[in-house]
Amino acid sequence: MCCLFGLIDYGNVFSAREKNKIIKILSTECEARGTDATGIAFNTNTGLHIFKRPIAAHKLWYRIPDNAKVIMGHTRMTTQGSEKFNFNNHPFPGRVGVTNFALAHNGVLHNDIRLQREEQLPITNIQTDSYVAVQLIEKQNTLSFDSIRKMAEKTEGSFCYTILDERNNLYFVKGDNPLALYKFNGFYIYASTDEILQRALQKLGLMKFSKVNVSCGDILKIASDGTIEIQRFDFPDYFSHYSYFTPPAYDDDTVMDMLTEYAGYFGIDAEDVIMLYDYGYDEFDIECMLYEPAEMQRCIEELRMMEMC
């Protein structure tokens, strides 16, 4: 469980100081979904810049210049690849032809090792599952709706990607992980969840907005002038597929050990998993709930209230 966040100031509304304040408050709120590392990407007159460190967002000193119109960010909860090695952290750099880009990912990919073998992708020192998305785009030697679509349809698991190119085009690739994107007069602000974004906006005093709906299977592109273009990719119904799968016969203790370990990747405490299980939710129910964190948190809080009564 990580968090995407960012600002698209297409109307040149904010000064450098204001942009730094917005990103500082927004990224700090995003710590609810990850404190292991923080990173941002943005363009200036000298090209694309990526700044990331293996520290929580509130500890990071941002130096976003006045001519950076789009800031793409990520806070990380480590699931694969130690955050102590900064190359494992988001955003990741990529290059197609003469164009540089940066990619950030919220989610967990299950087929990255298989893709590396089947697609004959280069071996690197980066240990994070997310990096395979960069390599799949690089292999096509172009950054476009078509190359992003092919990448999204090959990666399996939970995901939402953001991709920033050197022309200040920002792509959102929406799988089954959450995304909240709000439009204001002259700018957009986004984060992985409505709850996080609204807490940040309340602190910033920015409350007059319209929500941009982004559905599972959408590739949304916001250009440097603020215009939006949307295309689609084929996102398989993994849950429907899994419903026909008969799992191995593990004993109850083994099932709980596996489930609590997996839930830990999403920031859910083992005690909460056990509480859900005790109240009648089976392992499949709980796994499905992990992909709807706001709904799962509401369910956990309701059960806690019941136990207190």
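Calculation rules
- Along each chain, residue indices are assigned from 1 in the same order as the chain's sequence is written.
- Local features in this predicted model are restricted to residues whose pLDDT is 70 or higher, and side-chain atom pairs enter the listing and the counts only when it is 80 or higher, whereas totals over whole chains, interfaces and linings include all residues.
- Side-chain metrics rest on all non-hydrogen atoms present in the structure, leaving aside hydrogens and water.
- For our purposes a nonpolar core is just a set of buried Ala, Val, Leu, Ile, Met, Phe, Trp, Tyr and Cys residues, chained together by side-chain atoms within 4.5 Å.
- Classification of residues uses two cut-offs on accessible area relative to the type maximum, computed with a 1.4 Å probe and protein chains only: under 20% is buried, over 50% is exposed, and between them is partly exposed.
- Numbered from the N terminus, helices here are DSSP runs of H or I no shorter than four residues, and strands are runs of E no shorter than two.
- The contact criterion used throughout is that any non-hydrogen atoms of two residues lie within 4.5 Å.
- Two rings from Phe, Tyr or Trp (for Trp, the six-membered ring) form a pair when their centres are within 6.5 Å of each other. A pair whose planes differ by under 30 degrees is stacked, one over 60 is edge-to-face, and the rest are tilted.
- Any two strands are treated as partners once DSSP identifies two or more bridges connecting them.
- The convention used is that axes are lines fitted to C-alpha atoms, helices contributing only their stretch in contact, and that angles between N-to-C directions extend from 0 to 180 degrees.
- Confidence scores per residue from the predictor, reported as pLDDT, run from 0 to 100.
- For a helix, the expected span equals 1.5 Å multiplied by the residue count minus one.
- Criterion for a salt bridge: a side-chain nitrogen of Lys or Arg within 4 Å of a carboxyl oxygen of Asp or Glu.

Some remarks on the nonpolar core
Residues Leu7, Ile23, Ile40, Tyr62, Ile189 and Leu197 are the most contacted members of the largest nonpolar core, which totals 30 residues. Sort the elements by how many residues they give to this core and helix 5 (residues 194-204) lands first, with five residues. Dropping the residues within four chain positions of it, Leu197 is found in contact with Leu26, Ala180, Tyr182, Ile189, Tyr190 and Ala191. With 27 residues, the next largest nonpolar core counts Phe92, Leu109, Phe145 and Ile163 among its residues.

Looking at the packing of aromatic side chains
Applying the stated criterion across every chain, the model contains 13 aromatic pairs. With centroids separated by 5.8 Å and ring planes inclined at 85°, the aromatic side chains of Phe145 and Tyr171 adopt a geometry described as edge-to-face. Here Phe145, found in helix 4 (residues 145-154), pairs with Tyr171, found in strand 8 (residues 170-174); they are 26 residues apart in sequence, far enough to count as distant. There is no split in this pair, since Phe145 and Tyr171 are both buried. Put simply, the rings of Phe14, Tyr182, Phe184, Phe187 and Phe209 pair up and form one aromatic cluster.

A few points about the sheet that holds strand 8
Spatially, 5-6-7-8-12-13 is the arrangement adopted by the six strands of the open sheet, whose pairing is antiparallel. Two strands bound the open sheet, and with one partner strand each, they are strand 5 (92-96) and strand 13 (228-232). Sheet twist, expressed as the mean angle between neighbouring strand axes with direction ignored, is 20°. Sheet topology note: the strand 6 (residues 99-109)/strand 7 (residues 157-165) ladder contains nine bridges and is antiparallel.

Looking at the confidence of the model for the protein
On average, residues of the protein score 89 in pLDDT, and 90% of them are at 70 or above. Within the model, the stretch residues 238-250 combines pLDDT values under 50 with ten contacts to residues more than four positions away or in other chains.

Topic: the environment of Tyr279
As for its placement among the helices and strands, Tyr279 is situated in the loop between helix 8 (270-278) and helix 9 (283-289). Classification of Tyr279 as partly exposed rests on a relative accessible area of 37%. For the pair Tyr279 and Leu303, spaced 24 residues apart in the sequence, the C-alpha separation amounts to 8.4 Å. Setting aside its immediate chain neighbours within four residues, Tyr279 contacts Leu303, Met306 and Glu307.

Quick word on helix 1 (residues 16-29)
Over its 14 residues, helix 1 runs 20 Å from end to end, which matches the ideal 20 Å to within 8%, given 1.5 Å per residue. Here helix 1 has its buried residues at Lys19, Asn20, Ile22, Ile23, Ile25, Leu26, Ser27 and Glu29. Residues of helix 1 that are buried make contact with strand 1 (3-8), strand 2 (37-44), strand 4 (70-76), strand 10 (188-191) and helix 5.

Notes on the pattern of salt bridges
Scanning all chains against the criterion turns up twelve salt bridges. Between Glu156 and Arg114 there is a salt bridge, and its shortest N-O distance comes to 3.3 Å. Note that Glu156 is positioned in the loop between helix 4 and strand 7 and Arg114 in helix 2 (residues 112-118), a separation of 42 residues in sequence. A relative accessible area of 31% means that Arg114 is categorised as partly exposed. Asp194 is the salt-bridge partner of Lys211, the closest N and O atoms lying 3.0 Å from each other.

Overview of the pairing of strand 13
Two elements, strand 12 (residues 218-222) and strand 13, share five bridges in a ladder whose sense is antiparallel. Paired with Ile219 across the strands is Gln231, a residue of strand 13. Between strand 12 and strand 13, which pair antiparallel and follow one another directly, the connecting turn spans five residues, one of which, Gly226, has a positive phi of 90°.

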